Amino acid sequence: MTRWTVLVAVLALGAACNEAKSPDKSSRVQLKKTGSATMEVIPSEGQLPYCLLYTMSEKGVIRQLTLTRENRSIRCDANRPVANTSFRIPVQEGKVRVYVFFSDERVQAGPVAQQLYDLRDKERVTAMDMRLPGRVFVETLEFTPETGEPEMTGGVVGAGGVVTSDGGTGPMSGGGSMELVEPVDD
């Protein structure tokens, strides 16, 4: 009888150790805040090769972040920002839910957007809720944009290379004037 007790104890310890080492299922992707209202989405190691990104704001606005000419999912490499870019979230729309769809094949983005729209009142969207081909994983994260320093944008260049406005961000947009800066020769 003691052999069985020892065997059961060893098996229980082994199972507990395996549970402690198993990866967290919610770590498929991480959000890295790169500014007051900007973020990078970075897939973890071992994810399916393609992804689509969408946000849904508190106000109900759904945005597709990974737009391509073909309107299909893109290649998402592990430990690198999706599309090698930061995404800016409009502050006026409030907190957003970021939906990351990982798939083993390239997926058309239009039907995914329509399904998200249909599921907009659902608290949690899973891969089982979606009608998508192949293997699909859905990760949902939250991001809250904050007002920060105004972002710098370039000027609008007109004919002859003359800067005609500042893109509506500086004093010129309020009726001020723009000062031209000449290059300095060294």
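Everything numeric here is computed off the predicted structure, so don't read it as measured data.

Caption draft 1: A look at the nonpolar core. Counting 18 residues, the largest nonpolar core has Met39, Val41, Cys51, Leu53, Val82, Val98 and Val100 as the members making the most contacts within it. Those elements that provide at least two residues to this core are β2 (38-43), β3 (50-57), β7 (96-103) and β8 (136-143). No other element matches the 4 residues that β7 contributes to this core. With near-sequence residues (within four places) excluded, Val41 lies in contact with Val29, Gln30, Leu31, Leu53, Arg80, Pro81, Val82, Phe87 and Val100. Tyr54, Leu132, Val136 and Val138 belong to the second-largest nonpolar core, a separate cluster that totals 15 residues.

Caption draft 2: Main features of the packing of aromatic side chains. The final tally for this structure, using the stated rule, is 1 aromatic pair. A centroid spacing of 5.9 Å and a plane angle of 85° characterise the contact between Tyr54 and Phe101, whose relative ring orientation is edge-to-face. With Tyr54 in strand β3 and Phe101 in strand β7, this pair connects stretches of sequence that are 47 residues apart. In this structure, Tyr54 and Phe101 share a single accessibility class: buried. Above the plane of the ring of Phe137 lies Arg28, whose end atom (NZ or CZ) is 3.9 Å from the centre.

Cut-offs and rules
Residues numbered from 1 in each chain as written. Predicted model: local features only at pLDDT ≥ 70, side-chain atom pairs only at ≥ 80, totals over all residues. Heavy atoms only, no water. Core = buried A, V, L, I, M, F, W, Y, C linked by side-chain atoms within 4.5 Å. Buried < 20%, exposed > 50% of the residue type's maximum accessible area, 1.4 Å probe, protein only. Helix = DSSP H or I, 4+ residues; strand = E, 2+ residues; numbered from the N terminus. Contact = heavy atoms within 4.5 Å. Phe/Tyr/Trp six-rings, centres within 6.5 Å; stacked < 30°, edge-to-face > 60°. Lys NZ or Arg CZ within 6 Å of the ring centre and 35° of its normal.

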